[in-house]
Every structure is written in C-alpha cells, then in structure tokens.
Amino acid sequence: MDGQQAGNLAGNESRPSTPPSSGANAEPQKPPLWPTVLGVIAIVFGCLGALMGAITGALPFFPRIVSWMTPKGQADPMAVMAKWRWWSVSIGAMGVAVAALLLVCGIGLRKRRRWGPRATLKWAAIKIVSVVVVSVVASLIQQDQLAAMQQRTDIPSQAFVVMRALNGFGLFFALAWGWALPVFFLIWFTRGGVKQEVARWA
C-alpha cells in the first residue's frame, strides 16, 4: 500500500460518519385531534342549547305542560308564567341564537377553518353575558313563585328558608355550569401552540 492510499484511509477514518438523511423516509406529522374533538363538542352543545332555548320560549304558551311540571303545593304556575311570559320568550330566543352561533363555530373547528377559533372566542364572550341574564331572570321567577307560595298557610316557614337557599345555590350552579365551556374556550384559543396551529389552517 503506497503513501497516498494510506493517507486516504486515515482521512476516511478520522472523518465523522454522517447519518443517512431521513427526510424521505420520515413519517408525515399527523394533524392534532383537538379541532375535531372541540368541533364535535361545540356542535352537540349547540344542538342541545337550541332545543332548550326553543322549549323555554314555548313553555308559557302550553299551560297544561307547565302545570304538570310544577310540584304540588306551589301557587298557580300560570299566574307567575303570565307575568314573566315575554321574558321567557326573549330568553328562549336568545338561547336559540347563541346556540346556533356555537353550532356554526363547531363546524368551523371541525373543518379546520381559520375563522372557527375567532368566531368561538366571540361566542364565548356573548355566552358569558347571556348566562348572567338567563340566570338572574330565572332566579327572579323563582323568587316570585316563592312570594306567591308564602300566601299559603299550610306550608311551614322553615320550608321557605330551604327553598330560598336552594334558589341561591341554583343561581350559583347555573353560572358555574354556563361559564364552564366558554371560559375553557377563552383559555384554550389564547395558547401560543394553538395559535400556531390555527395559523396553518385554510
């Protein structure tokens, strides 16, 4: 072996070996699943919300159903419902509109459209306000029913204390439950990684 061949071998041994390029063999990165999951959740809750809003707005016009749903011992439910009828209709219409917006947002998220998260953030802000309005009106209706029930002499006063406590707890629960999904969306879509993913959408 001459000196030139020996030098070439020494140079090859001292040169670090480079790993084969894996660009052609690398598996394509799978898209995240959260747009599909959140889109389906938004679509389901949008459909349910629209149904509940329609029922809320229509109940005052069906006195038999209202009487059947009212527990025994309470005052005439239709007397209270007549007073709050148009409030119930307005709340029902608002519920249908907000739920329809959530349904549209769910479709945008499911199809990975860039407008989907923006519309969802707007829905979250509207939903937070609407939950306050609905919860307050529902609490006022309950208080009105309790005031009508207090005219009865066959109900002990301790029962009204319990009912007022339940009314307060119901208001708190309605706010917490109604705010859960919009607050989650507000937090989720303001994350840096989520914004980067949305920027790649159509």
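Residues numbered from 1 in each chain as written. Predicted model: local features only at pLDDT ≥ 70, side-chain atom pairs only at ≥ 80, totals over all residues. Heavy atoms only, no water.

Draft legend 1. Quick look at a nonpolar patch on the surface. Together, Leu33, Val37, Val40, Ile41, Val44, Phe45, Leu48, Phe169, Phe172, Phe173 and Trp177 make up a nonpolar patch on the protein surface, roughly 1100 Å² of accessible area in all. If you tally residues by element for the nonpolar patch, the top one is helix H2 (residues 34-58), at six residues. Residue placement: isoleucine 41 occurs in helix H2. Residue isoleucine 41 is classed as partly exposed on the basis of its relative accessible area of 30%. (Patch = residues over 30% accessible without salt bridge, like charges linked within 9 Å, V, L, I, M, F, W, Y side chains within 5 Å. Areas by Shrake-Rupley, 256 points an atom, 1.4 Å probe, with all protein chains shown as cover. Salt bridge = Lys/Arg side-chain N within 4 Å of Asp/Glu carboxyl O. Helix = DSSP H or I, 4+ residues; strand = E, 2+ residues; numbered from the N terminus. Buried < 20%, exposed > 50% of the residue type's maximum accessible area, 1.4 Å probe, protein only.)

Draft legend 2. Focus on the environment of glycine 178. Mapped onto the elements of the fold, glycine 178 is located in helix H7 (residues 157-188). Residue classification places glycine 178 among the buried residues on the basis of a relative accessible area of 12%. Sequence-wise, glycine 178 and serine 135 are 43 residues apart; in three dimensions their C-alpha atoms are separated by 9.1 Å. If we ignore the near neighbours within four places in the chain, the residues touching glycine 178 are Lys127 and Val131. (Contact = heavy atoms within 4.5 Å.)

Draft legend 3. Representation of unusual backbone geometry. Here the phi dihedral of arginine 112 falls at roughly 55 degrees; this positive angle occurs in a residue that is not glycine. Here arginine 112 shows up in the loop between helix H5 (85-110) and helix H6 (115-149).

Draft legend 4. Structural detail: the nonpolar core. Counting residues in each nonpolar core, the largest one holds 17 residues, and the members touching the most others are Trp34, Leu38, Trp123, Phe185 and Phe189. Counting only elements with at least two residues in this core, the list comes to H2, H5, H6, H7 and helix H8 (192-199). Here this core takes four residues from H5, the largest share from any one element. The contacts of tryptophan 123, once residues within four sequence positions are left out, are Val98, Leu101, Leu102, Cys105, Leu181, Pro182 and Phe185. (Core = buried A, V, L, I, M, F, W, Y, C linked by side-chain atoms within 4.5 Å.)

Draft legend 5. Quick peek at the pattern of salt bridges. Tallying each qualifying case throughout the model produces one salt bridge. Here glutamate 197 and arginine 200 are joined by a salt bridge, their closest N and O atoms 2.6 Å apart.

Draft legend 6. Geometry of the packing of aromatic side chains. The final tally for this structure, using the stated rule, is nine aromatic pairs. The rings of Trp34, Trp123, Phe184, Phe185, Trp188, Phe189 and Trp201 are connected pair by pair, giving a single aromatic cluster. The cationic tip of arginine 191 hangs over the ring face of tryptophan 188; the distance from NZ or CZ to the ring centre is 4.6 Å. (Phe/Tyr/Trp six-rings, centres within 6.5 Å; stacked < 30°, edge-to-face > 60°. Lys NZ or Arg CZ within 6 Å of the ring centre and 35° of its normal.)

Draft legend 7. Representation of the side chain of serine 135 within the structure. Along the chain, serine 135 falls in helix H6. A residue is classified by how much of its surface remains accessible, and serine 135, at 6% relative accessible area, is buried. Here the side chain of serine 135 touches valine 131 through a polar contact of 2.8 Å, landing on its backbone oxygen. Non-local contacts of serine 135, meaning those with residues more than four positions away in its chain, are made with Leu171, Ala174 and Leu175. (Polar contact = N/O pair within 3.5 Å; in protein donor to acceptor, adjacent residues only side chain to side chain.)

Draft legend 8. Region of the structure containing the packing of H2 against H5. Following both chains from N to C, one finds H2 and H5 inclined at 165 degrees, their axes separated by 7 Å at the closest point. In terms of their interaxial angle, H2 and H5 are classed as roughly antiparallel. The chirality of how H2 crosses H5 is left-handed. (Axes fitted to C-alpha atoms, helices over the stretch in contact; angles between N-to-C directions. Parallel < 35°, antiparallel > 145°, perpendicular 65-115°, else oblique. Left-handed = near helix turned anticlockwise from the far one by under 90°.)

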